[in-house]
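Analysis of the macromolecular model
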Amino acid sequence: MVYLLSTTWIKAKNYLCNMSKVRVRFAPSPTGGLHLGGVRTALYNYLFAKKNDGDFVLRIEDTDQTRYVEGAEQYILDCLNWCGIQPDEGPHTGGEYGPYRQSERKSIYREFAEKLVESGHAYYAFDTPEEIESLRETLKAQGKYNVQYDFQNRLNMRNSLSLPPEETEELLKINFPHVIRIKMPRNEYVHFHDMIRGDIEMPTAGVDDKVLLKADGMPTYHLAVVVDDYLMKITHALRGEEWLPSAPVHILLWKYFGWEKHMPHWAHLPLILKPDGNGKLSKRDGERLGFPVFAMEWNDPKNGLVKGFKELGFMHEAFINMLALLGWNDGTEQEIFSLEEMVEKFSMDRVHSHGAKFDFEKAKWFNHEWIKRSDFERLQPDVKKVFEENGVVINDEQKLQHIVNLVKERCTLLTDFWQQASFFFIAPKEIDTSSILPKWNENKNQFFVELIRTYSFINSWQIEEIENTFKELAAASKLKPGELMLPLRVMLVGGKFGPGVFEISSILGKEETIKRIEHTLSLMK
RNA sequence: GGCGCGUUGGUCAAGGGGUUAAGACGCCUCCCUUUCACGGAGGAAUCACGGGUUCGAAUCCCGUACGUGCUACCA
């Protein structure tokens, strides 16, 4: 009985342990800003790794030199840093499986590709891009839709399968530009298990003979991902759903290399979709729909500066919380999670298999919740920064703490602290007199003139005192306090917002309060 | 066109044969607050469609529709 129990347990655990440590990788291309989908892929990788005491590896997939963008790699790292999901290994951190940039691993891929040629699973192809294009044109003209370089027409092309061996050898000898392509089997079905989608069966016929090694000697994603995952001992490959159709190529490659026993467990993450319907969220949608798609500000060499969630006033805790909940939840009603809690509760079988439309309103709600729940210590540096960006340096920490706690529930974004609290430090530049003017009259004017006089005699500038004085004077003037509080508020903060008006006044101090009333009174004439 | 993957209110979603089908965002009403928020109470709104299987289907099966992804010497 004991024996039975333990084998069952081992079987269940085997999925994760399999004697080796869990190792996952986030493998972005340095081609631009890191958008929501990318960050979430990184986050799920991180959560899964940490949940299972594993390693989170960053690998830079820079095999396409034409798309390489200067600064993008550092940017990716900065984003991960801001989100608090630092890699355990990577180009900047190091590690024993480096180098972690595929461009720096260039020399190792050719050998593997050639091994595949030797074993008959791949072949050299000498077609020029123009020749391939012309094949497509011809086939299309014949009304064929499946215009692929595959079993149907590879023998009509120029490659080591169609050419006599001598000619192939000759072409190789003179170093004629060529690629290495996988020879996809004609009629096979590839079966594999996806941690999110369950068992999947896909026909090989639908996939073309993917290029494995490009003419410039760089591997394509298909070769590099398999070779590197093997070499880096990756145990779980979590990536976007867009990779599902080419999964058969990768699985076949693992098989052809004879590495099947080491193949990682697969998980294809759902997509994040545009809020207004069709398509996956793309970098352009932000501008079009008025919300950020990047984690942090990205200065694109071509398109200029684009703000990110960070600059907009998002807390990183809220940002990753929101992202994690877009495609995963723990099955309870809890929605607010810290990174640590997510690590503790994350599980792949609660990740959804369908895409989710991004909702900026909900994203802001997460941030609002995080601001409300954060203490002053957490908020202080961010709030100070917002003030500094507006040209106000704060020295009085105690005053700041008081104010932050007073207004934080009114702030959805960190940048809102400026609107909600700047009047405590500097007099409002503009007074919204239009909101009091319609009901303004000489009686009210008299009241405030009198108020200034009365206030100037007050010795203890406490809320109660300020309020009582105000109300007594209102009663004496036969005016309703309610009709006078709004004008006072506008005089002090510049508009119809902010915490209790007497609380504001007490923080402002007697002199400043009087000064601001006088100033507005002068505007009302 | 082909091949995948998917489909619970407008959005995020729980629920995986028997529920009045949770909850959150947003929207609306009211209370609190002589501002704006916060908070509280309520409301409108949903199982894509059609067939099966079953005493019973949001839940299982099959079709259809729709969405989405891939179909590059991009990842």
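Residues numbered from 1 in each chain as written. Chains lettered and ligands numbered in written order. Predicted model: local features only at pLDDT ≥ 70, side-chain atom pairs only at ≥ 80, totals over all residues. Heavy atoms only, no water.

The next thing to look at is the overall build of chain A. Looking only at helices and strands, chain A features 21 helices and 13 strands. Relative to the globule expectation of 24 Å for 525 residues, the C-alpha radius of gyration of chain A, 32 Å, shows a markedly less compact shape. C-alpha atoms of chain A, sized along the principal axes, occupy 110 × 70 × 40 Å. Relative to its full complement of 525 residues, chain A shows a buried share of 50%. Long-range pairs, those at least 24 residues apart, make up 72% of the contacts in chain A with a sequence separation of at least 6. Accessible surface, chain A: about 25900 Å² in total, of which carbon and sulfur atoms supply 50%. On chain A, the mean spot of the 65 positive side-chain charges and the mean spot of the 76 negative ones are 3 Å from each other. (Helix = DSSP H or I, 4+ residues; strand = E, 2+ residues; numbered from the N terminus. Rg over C-alpha atoms; globule rule 2.2 N^0.38 Å. Buried < 20%, exposed > 50% of the residue type's maximum accessible area, 1.4 Å probe, protein only. Contact = heavy atoms within 4.5 Å. Areas by Shrake-Rupley, 256 points an atom, 1.4 Å probe, with all protein chains shown as cover. Lys, Arg positive; Asp, Glu negative; His and termini not counted. Charge placed at Lys NZ, Arg CZ, Asp CG, Glu CD.)

The next subject is the protein's contact with RNA strand B. Looking at RNA strand B, there are 62 residues lining it, with Gln148, Arg197, Asn278, Arg410 and Gly498 nearest. By atom count, sugar and phosphate contribute 72% of the portion of RNA strand B lying within 4 Å of the protein. Within the backbone of Glu409, an N or O atom sits 3.0 Å from a sugar or linking oxygen of RNA strand B. Separating a base oxygen of RNA strand B from a backbone N or O atom of Phe497 is a distance of 3.2 Å. Mapped by element, the contributors of at least two residues to the surface near RNA strand B are helix H5 (129-141), strand E4 (179-182), strand E6 (198-203), strand E13 (356-357), helix H13 (360-373) and helix H19 (481-493). By residue class, the composition of the surface near RNA strand B is 21 nonpolar, 16 polar and 25 charged. (Near = heavy atom within 4 Å. Polar contact = N/O pair within 3.5 Å; in protein donor to acceptor, adjacent residues only side chain to side chain. Nonpolar A, V, L, I, M, F, W, Y, C, P; charged D, E, K, R; others polar.)

Our next topic: the packing of aromatic side chains. In this structure the tally under the stated criterion is 33 aromatic pairs. Ring geometry for Phe126 versus Phe176: centroids 6.2 Å apart, planes at 65°, classification edge-to-face. With a gap of 50 residues between them, Phe126 in the loop between strand E3 (122-125) and H5 and Phe176 in the loop between helix H6 (165-173) and E4 connect regions that are remote in the sequence. You can call Phe176 partly exposed: its relative accessible area is 22%. (Phe/Tyr/Trp six-rings, centres within 6.5 Å; stacked < 30°, edge-to-face > 60°.)

Turning our eyes to something else, we now look at the state of the cysteines. If you walk through the whole model with that rule in mind, you get zero disulfides. Cys79 takes part in no disulfide bond, and the closest cysteine sulfur, belonging to Cys83, lies 6.5 Å away. Looking at Cys79, the relative accessible area reads 0%, which means it is buried. Given a relative accessible area of 1%, Cys83 falls into the buried group. (Disulfide = S-S within 2.5 Å.)

A word on the domain arrangement of chain A. When the parts come together, some accessible area is lost, and that loss is often what is quoted as the size of the interface. Splitting chain A by domain gives domain 1 (101-238 + 250-260) and domain 2 (427-524). Between the C-alpha centres of domain 1 and domain 2 there is a distance of 77 Å. (Domains from an automatic or database assignment.)

Judged by nonpolar contacts, the single largest core of 117 residues is most densely connected at Phe319, Phe358, Phe417, Phe424 and Phe448. Ala113, Leu171, Tyr221 and Trp259 belong to the second-largest nonpolar core, a separate cluster that totals 38 residues. (Core = buried A, V, L, I, M, F, W, Y, C linked by side-chain atoms within 4.5 Å.)

When two helices pack together, their arrangement is given by the angle between the helix axes and by the axis-to-axis distance. Orientation of H19 relative to helix H20 (residues 501-508), taken along the N-to-C sense of each, is 35°, at an axis distance of 10 Å. The crossing of H19 and H20 is left-handed. Judged by residue contacts, Met485, Leu488, Arg489, Leu492 and Val493 of H19 engage Val501, Phe502, Ile504, Ser505 and Leu508 from H20. Residue composition of the contact of H19 with H20, by class: eight nonpolar, one polar and one charged. (Axes fitted to C-alpha atoms, helices over the stretch in contact; angles between N-to-C directions. Left-handed = near helix turned anticlockwise from the far one by under 90°.)

Strand order across the open sheet formed by three strands is E3-E4-E7, with antiparallel pairing between neighbours. Because the sheet does not close on itself, it has two edges, and the strands there are E3 and strand E7 (211-213). Neighbour to neighbour, the strand axes of the sheet diverge by 40° on average, direction disregarded. Sheet analysis places E3 next to E4, joined by four bridges and oriented antiparallel. Bridging across to E4, Tyr123 finds its partner in Arg181. (Pairing = 2+ DSSP bridges.)

With respect to the element layout, Val392 can be found in the loop between helix H14 (376-389) and helix H15 (397-407). Assessed through its relative accessible area of 10%, Val392 is described here as buried. Residues Val392 and Ile426, 34 residues apart in the sequence, show an inter-C-alpha distance of 8.3 Å. Each residue touching Val392, except ones within four places of it in the same chain, is listed here: Phe387, Trp418, Phe425 and Ile426.

Summarising the element assignment, Glu89 is placed in the loop between helix H3 (72-83) and helix H4 (106-118). Exposure remark for Glu89: the relative accessible area of 7% places this residue in the buried category. Beyond its immediate chain neighbours, meaning those up to four positions away, Glu89 contacts Arg23, Asp55, Phe56, Val57, Leu58, Gly94, Gly95, Tyr97 and Tyr100.

With that settled, consider the pattern of salt bridges. On inspection of all chains with the given rule, the structure shows 32 salt bridges. In this structure, Arg101 engages Glu104 in a salt bridge whose closest nitrogen and oxygen atoms are separated by 2.6 Å. Note that Asp276 and Arg288 form a salt bridge whose closest N and O atoms lie 2.9 Å from each other. A residue pair is termed long-range when its members are at least 10 positions apart, and Asp276 in the loop between strand E10 (272-273) and helix H9 (285-289) and Arg288 in helix H9 qualify at twelve residues. Taking the relative accessible area as the measure of exposure, Arg288 reaches 47% and is therefore partly exposed. Connected through shared salt-bridge partners, Lys21, Arg23, Asp55 and Glu89 make up one network. (Salt bridge = Lys/Arg side-chain N within 4 Å of Asp/Glu carboxyl O.)

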